[in-house]
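So the chains spell out like this:
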Amino acid sequence: MSKSLSVNLIGISSFFAYLLPISLLTGPFLPDLFISIISLIFLLIVIIDGKKKYFQNNFFYFFIAFYLYINLSSFFSKESYFAFQSTIFYFRFGIFALALWHLIDEQSNFIEIFKKSLVSVFIIALIDSYVQLYFGHGIFGFTSSDSSRMTLLLDDESMLGQYLARLMPLVAALIIYNSSANIKNYIFIFVLLVLTDISIYISGERTAFALLIIATLIIILFSKNFRAVRIASLSISLLIIIFITLFNPEIRERNIDHTISQITQNADVELQEGNENSFSKKFNLFSRSHETLFFTAIRIFEDNLIIGSGPNTFRIFCESGKYKLNSYSCSTHPHNSFIQLLSETGFIGIFMYGFILIYFVRNIYLHVFRKKIMQDHEICLFACILITLWPFFPTQNFFNNYINVIYYLPIGFYLHTIYSIQLKLNDELHRT
């Protein structure tokens, strides 16, 4: 009876997992709902079948430590009620990653079906980006309030570039996973990569394009068979991008002229209006507004060194006269995950961030110098996760539900890659 129930629950969970790629193009509600359902079903299966082995690994130990810590930070925050709204149910993201790993183990065709779902939706999103470029609105009529940027397929959020850039390495990983090295397969992924590179550039999301470049460099530097395809596709992409930049004034203005303007505009103006102790400089970090948010967050951190001001509370404290520098000081978050964690979770939170970043850098070191060989699809998954941790670009709110679904999605596949063989060996030893 319990086995039959588990099979049915796995089927239901898989169904919602296959819908995740399209749900991510509808805005935050559906993907958050779907991963919550997947997580709850997984916990129910664990209770029924006693599959505790998925919790006995370093990922879960670290995640639960992080989860407990951010709730501790929320508890001691002056805005604890607000902070707890972002942290009390944060556990669902870590459980979601474990649930994906479990689904891959339990269903031999899960990766193949999920790949078809993701690649199909990814291609539709690409088509929509070119429709928006030509007609000014998407396939379903959605338009962005910022005319220089592109919306999701089924929502008016200007995040199409983020969607494509953050999921591109996962798409590549699933395409090359157990795939035969035939010319048709290489041509398909070559064309897909070129179209993706160009689409992200024309989307107007400069951070998304920068993340794409970081992921691409990781793939080129550390993959083996996939390296040549990515070098060739990037070369063609850059030639087309240069051509577009030269002959499309609107795209050139957004990606080149506006970037230069933001870096240099008002850079010699005092950071704090009317403050004689402010300083002058020649360049901004990304823009004057970004830089002011960073300095405001650091001011908040200076008063909350150990455990921070509380997760997701920057939007509240930045309004205080004690921390506000000027009219640019406030937003929902500081627009950089590293600085946000520093401000809202303090030294302990940033130590945890640094620890996981070092873990991935160590893996790269072992891959290059100690011959701990990673397959090409592992490198792509690695790139997908590493751009989440990359500390040097503007980012979305670290505690935003939507972006966390994208953050944790590749982790489930990565966990399967690094742990499943080990678990199977342990099971065989246990049976013997």
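Residues numbered from 1 in each chain as written. Predicted model: local features only at pLDDT ≥ 70, side-chain atom pairs only at ≥ 80, totals over all residues. Heavy atoms only, no water.

A. Structural context of the nonpolar core. Counting 118 residues, the largest nonpolar core has Tyr90, Tyr163, Tyr408 and Phe413 as its most contacted members. No other element matches helix H8 (residues 160-176), which puts 13 residues into this core. Those residues within four positions of Tyr163 in sequence are excluded, and the remaining contacts are Pro21, Leu24, Leu25, Val121, Phe122, Ala125, Leu152 and Tyr402. If you look at the next biggest cluster of nonpolar residues, it comprises nine residues, including Ala297, Ile300, Phe314 and Ile339. (Core = buried A, V, L, I, M, F, W, Y, C linked by side-chain atoms within 4.5 Å. Buried < 20%, exposed > 50% of the residue type's maximum accessible area, 1.4 Å probe, protein only. Helix = DSSP H or I, 4+ residues; strand = E, 2+ residues; numbered from the N terminus. Contact = heavy atoms within 4.5 Å.)

B. Structural detail: the state of the cysteines. The full count for this structure, using the stated rule, is one disulfide. Distance from the sulfur of Cys384, which forms no disulfide, to the nearest cysteine sulfur (Cys380) is 9.1 Å. Taking relative accessible area as the criterion, Cys384 reaches 2% and is therefore assigned buried. (Disulfide = S-S within 2.5 Å.)

C. Structural detail: the confidence of the model for the protein. Scored by pLDDT, the protein comes out at a mean of 88, with 89% of its residues at no less than 70. Below pLDDT 50 for its whole length, residues 267-280 participates in 29 contacts with residues either more than four positions away or in separate chains. (pLDDT = per-residue confidence, 0-100.)

D. View of the pattern of salt bridges. Taken as a whole and judged by the stated rule, the model has six salt bridges. Notably, a salt bridge pairs Asp197 with Arg230, separated by 2.8 Å at the nearest N-O pair. Pair noted here: Asp197 is in helix H9 (residues 183-202) and Arg230 is in helix H11 (residues 227-247), with a separation of 33 residues, a long-range link. Residue class for Asp197 comes out buried when judged on its relative accessible area of 1%. Residue class for Arg230 comes out buried when judged on its relative accessible area of 0%. Ionic pairing is found between Lys322 and Asp303, a salt bridge with its closest N-O pair at 2.6 Å. Note that Lys322 is positioned in the loop between helix H14 (314-317) and helix H15 (337-369) and Asp303 in the loop between helix H13 (288-302) and H14, a separation of 19 residues in sequence. (Salt bridge = Lys/Arg side-chain N within 4 Å of Asp/Glu carboxyl O.)

E. Up close: the packing of H9 against H11. Between H9 and H11, the least distance of the axes is 9 Å, while the angle of their chain directions is 35°. For the pair H9 and H11, the sense of crossing is right-handed. Every residue of H11 that contacts H9 at Tyr186, Ile189, Phe190, Leu193, Val194, Asp197, Ile198, Tyr201 and Ile202 is listed here: Val229, Arg230, Ala232, Ser233, Leu234, Ile236, Ser237, Ile240, Ile241, Ile244 and Thr245. (Axes fitted to C-alpha atoms, helices over the stretch in contact; angles between N-to-C directions. Left-handed = near helix turned anticlockwise from the far one by under 90°.)

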